[in-house]
Amino acid sequence: MSDFEAMKRVRCPYCREWVDLYVDPDTVGTLVEDCAVCCRPWAVVVEREGAKMRVHVSRAQ
Ligand SMILES: [Zn+2]
């Protein structure tokens with residue numbers, strides 16, 4: 001088991017639903033992920049600080 005955080009509960013900027021987002025432990029930076037509820041594209045920004053992970057979701061253009 002890794003100590004790194006991998007799951008984050010994020011709120012979709014389109015449908016406002018809370019969705020559990022899995023982020024691969026090696027992933028950092030910006031990625032595009034579709035909402036599991038409404039399927040619209042998110043721009044996901046992943047920041048890491050040690051084992052802590054911060055995720056920001058906005059609408060992908
Ligand atoms: Zn959505």
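What you see is a predicted model, and the numbers here were worked out from it, not measured in a lab. (Residues numbered from 1 in each chain as written. Predicted model: local features only at pLDDT ≥ 70, side-chain atom pairs only at ≥ 80, totals over all residues. Heavy atoms only, no water.)

Let's talk about the coordination of the zinc ion
Step number 1: Surrounding the zinc ion are the protein donor atoms Cys12 (SG), Cys15 (SG), Cys35 (SG) and Cys38 (SG), which sit 2.3 Å from the metal.
Step number 2: Considering all four donor atoms around the zinc ion, the spread of angles at the metal, 102 to 119°, places the coordination shape in the tetrahedral class.
Step number 3: Ordering the donors of the zinc ion by residue number gives the pattern C-x2-C-x19-C-x2-C. Taken together, the positions of cysteine 12 in the loop between strand E1 (7-11) and strand E2 (18-22) and cysteine 38 in the loop between strand E3 (29-34) and strand E4 (41-49) put the pair 26 residues apart, joining distant regions of the chain.
Step number 4: A relative accessible area of 0% places cysteine 12 in the buried class.
Step number 5: Assessed through its relative accessible area of 22%, cysteine 38 is described here as partly exposed. (Donors = N, O, S within 2.8 Å, 3.2 Å for Na, K, Ca; no water. Tetrahedral: all angles 85-135°; square planar, octahedral: opposite > 155°, others 65-115°. Helix = DSSP H or I, 4+ residues; strand = E, 2+ residues; numbered from the N terminus. Buried < 20%, exposed > 50% of the residue type's maximum accessible area, 1.4 Å probe, protein only.)

Thoughts on the sheet that holds E4
Step number 1: The strand order across the open sheet built from three strands is E3-E4-E5, with neighbouring strands paired in antiparallel fashion. Looking at the sheet topology across the chains shown, the edges are occupied by E3 and strand E5 (52-59). Each strand axis lies, on average, 30° off the axis of its neighbour in the sheet, ignoring direction.
Step number 2: Relative to E5, E4 runs antiparallel, the two being bridged by eight bridges. Bridged to glutamate 49 within E5 is lysine 52. (Pairing = 2+ DSSP bridges. Axes fitted to C-alpha atoms, helices over the stretch in contact; angles between N-to-C directions.)

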